[in-house]
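Each chain, letter by letter, is given below.
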Amino acid sequence: MVRARIAVIGAGSMAWSMKFVRDLIVTQSLWGSEVVLEDIDEERLRLVLGLARRYAEEYGADVRFEATTDRREAIRDADFVINTAFTVGYANMEKEREIAEKHGYYRGIGDRVCDYYGGIGAYKQLKFFLEVAWDVEELAPDAWYILLANPVFEGTTLLLRETSVKVVGMCHGWLGYKTIAKVLGLDLKYVEADMAGTNHNVWLVRFTYKGEDAYPLIDKWIEEKAEEYWQSPEYLFALPWESEQMSPAAVEMYRLYGLFPLGDTVRSVAPWWFHTDLETKRKWYGPTGGFDSEIGWSIYLALHDIKLRRLRALAENPKASLLQEIPPERSDEQVVPFIDAVVNDKETRVVINVPNDGAISGIPSDVAVEVPVIASAKGYRHIYSGLTLPRRLMLYVMIPRILRMERVLQAFLDGDRKSLVLMLMDDPRTKTFEQAKNLVDELLSLPWNSEASKHYKWS
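Residues numbered from 1 in each chain as written. Predicted model: local features only at pLDDT ≥ 70, side-chain atom pairs only at ≥ 80, totals over all residues. Heavy atoms only, no water.

## Some details on the overall build of the chain
The number of helices and strands found in the chain is 21 helices and 13 strands. Computed over the C-alpha atoms, the radius of gyration of the chain is 22 Å, within 12% of the 23 Å expected from 2.2 N^0.38 for a compact globule of 459 residues. Along the first, second and third principal axes, the C-alpha atoms of the chain reach 60 × 55 × 45 Å. Of all 459 residues assigned to the chain, the portion counted as buried reaches 57%. Contacts in the chain between residues far apart in sequence, at least 24 positions, make up 70% of those at least 6 positions apart. As presented, the chain carries roughly 19500 Å² of accessible surface, and 50% of it is formed by carbon and sulfur atoms. (Helix = DSSP H or I, 4+ residues; strand = E, 2+ residues; numbered from the N terminus. Rg over C-alpha atoms; globule rule 2.2 N^0.38 Å. Buried < 20%, exposed > 50% of the residue type's maximum accessible area, 1.4 Å probe, protein only. Contact = heavy atoms within 4.5 Å. Areas by Shrake-Rupley, 256 points an atom, 1.4 Å probe, with all protein chains shown as cover.)

Here you go:
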């Protein structure tokens, strides 16, 4: 009997796919499962399939891997459909950023980090999310749809409202609490944490050490050690995305809003005045200016390329030991624990994006929130009910971010080009309606946006 049939859409994302393969293979309770890897890039698909099969064989795991370029064939009769596809591509995204900068929008448009959306209005991503969901409805109606591709907030909420699929979104920014504990010198064995918010807008709502509230330890660190830390090699020479969690930006957001931000939150919903130029970004996010600065993003792309080259070299060297190169230790990603919980009916705490349904006060039930839940064969149940976030945080961060999500979805569902322009009118860099309109029109005139241009009409 097959333990689970898992379809991975966008499996050509080699670095993520191999992390998933490793997590699955070291989880013996899921042995006997079948994984169908799907991607339109045949070369990458071939490489990932070869690596996955070799890793399973070297570990001695009973997990079978197949590959196809036919999305519908991958989804057919699946128990879980994982969507990790980025349909726009980095090259196109960078071109759109250049155009936005020409119109006066430093580092592009979006939630401080324009790559979250993958193109103007997130059109291609949202359309693809729906297309996969429609295939799931037809070919695997009982499957869980696990959304990993950005924008997770907009995407999960869209699928919850517009389809019948069982959808959950997943991300890993919430794991920032571990960095907080490390910098504070706490033993993770005694740390407990809960977080709540929306994707890329998640906050530390409970933080304890040895059963005691650990927020006072954060306060003491800020008062006595933060300045020293920001001058230390640990901070100054860290990778851009690793230094942000305990950066001046994170501390200032804690002071402003009353809870400590986690992961991507430190950038994606930070005040706009943290992002006016590179010098300002360096003040708040360290020497590189953070992940989304021109320096930080270049570092990310370079390291991403190095990682892909390494995986290609491994794939082309059949004598290389994959277990030595990719140690068989499960990561903190939530995909495999969620699948394991559902398949084997193990009550497991996971942090995922699900309908609010009263978990956080003041947020509509049909908005996807990122919160801890208990997953099992029955699906999941909320841990929190009626959680109250600080009022200032709700008014200046949560509600504005939810409103932006609603605007993105309204523009997408209605094909409303004017709404795309009006969203930019709230950007402090916008000086005139014509500036915003000209940017939207130019972005939609690009060859890869031809379908989106037809979709978004003036009304």
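Read on for the rest.
## Let's talk about a negative patch on the surface
A cluster of acidic residues, Glu212, Asp213, Asp219, Glu223 and Glu224, forms a negative patch on the protein surface. Mapped onto the negative patch, the elements with two or more residues apiece are strand S9 (212–213) and helix H8 (215–224). Looking at the negative patch element by element, the count peaks at three residues for H8. With respect to the helices and strands, Glu224 occurs in helix H8. (Patch = residues over 30% accessible without salt bridge, like charges linked within 9 Å, V, L, I, M, F, W, Y side chains within 5 Å. Salt bridge = Lys/Arg side-chain N within 4 Å of Asp/Glu carboxyl O. Lys, Arg positive; Asp, Glu negative; His and termini not counted. Charge placed at Lys NZ, Arg CZ, Asp CG, Glu CD.)

## Observations regarding helix H2 (residues 42–59)
Counting along an α-helix, one turn takes 3.6 residues, and residues three or four places apart therefore face a common direction. Taking 1.5 Å per residue, 18 residues should reach 26 Å; H2 reaches 26 Å between its end C-alpha atoms and fits that length. Buried residues along H2 sit in contact with helix H1 (14–25), strand S2 (34–38), strand S3 (64–68), helix H15 (294–315) and helix H16 (322–325). N-capping of H2 is provided by Asp41, with a side-chain oxygen placed 3.2 Å from the backbone N of Glu43. Backbone geometry just after H2 places Gly60 at a positive phi near 85°. (Expected span 1.5 Å × (residues − 1). Polar contact = N/O pair within 3.5 Å; in protein donor to acceptor, adjacent residues only side chain to side chain.)

## Description of the environment of Trp273
Summarising the element assignment, Trp273 is placed in the loop between helix H13 (265–268) and helix H14 (278–285). Residue Trp273 is classed as partly exposed on the basis of its relative accessible area of 42%. For the pair Trp273 and Leu147, spaced 126 residues apart in sequence, the C-alpha to C-alpha distance is 31 Å. The residues contacting Trp273, other than those within four sequence positions of it, are Leu256, Thr280 and Trp284.

## Some words on the pattern of salt bridges
Throughout the structure, instances matching the rule amount to 36 salt bridges. Of the charged contacts in the structure, one is a salt bridge between Arg309 and Asp305, with a shortest N-O distance of 2.7 Å. One end of the pair, Arg309, and the other, Asp305, are both in helix H15, four residues apart, so they sit about a helical turn from each other. Look at Arg309 and you get exposed, because its relative accessible area is 56%. By relative accessible area, which is 34% here, Asp305 ends up partly exposed. Two residues, Asp441 and Lys437, come together in a salt bridge whose shortest N-O distance is 2.7 Å. Placement of the pair is Asp441 and Lys437 together in helix H20 (residues 433–444), with a separation of four residues, close to one helical turn. Judged by its relative accessible area of 22%, Asp441 falls in the partly exposed class.

## A closer look at the packing of H8 against helix H12 (residues 248–257)
Running from amino to carboxyl end, H8 crosses H12 at an angle of 120°, the nearest separation of the two axes being 12 Å. With respect to H12, the axis of H8 lies oblique. Crossing geometry of H8 relative to H12 is assigned as left-handed. Two secondary-structure elements touch here, H8 through Tyr215, Ile218, Asp219, Trp221 and Ile222 and H12 through Val251, Tyr254 and Arg255. A breakdown of the residues in the contact of H8 with H12 according to their chemical character gives six nonpolar, no polar and two charged. (Axes fitted to C-alpha atoms, helices over the stretch in contact; angles between N-to-C directions. Parallel < 35°, antiparallel > 145°, perpendicular 65-115°, else oblique. Left-handed = near helix turned anticlockwise from the far one by under 90°. Nonpolar A, V, L, I, M, F, W, Y, C, P; charged D, E, K, R; others polar.)

## A closer look at the packing of aromatic side chains
In total, this model carries 26 aromatic pairs according to the counting rule given. Ring plane angle 45° and centroid distance 5.7 Å describe the contact between Phe86 and Tyr90, whose orientation is recorded as tilted. The class for Tyr90 is partly exposed, based on a relative accessible area of 30%. On the basis of an interplanar angle of 45° and a centroid distance of 5.5 Å, the ring pair of Phe291 and Trp297 is categorised as tilted. Accessibility classification places Phe291 together with Trp297 in one group, the buried group. Among the aromatic residues, ring-to-ring pairing joins Phe86, Tyr90, Trp241, Phe291, Trp297 and Tyr300 into one connected group. Over the face of the ring belonging to Tyr190 we find Lys210, whose NZ or CZ atom lies 5.2 Å from the ring centre. (Phe/Tyr/Trp six-rings, centres within 6.5 Å; stacked < 30°, edge-to-face > 60°. Lys NZ or Arg CZ within 6 Å of the ring centre and 35° of its normal.)

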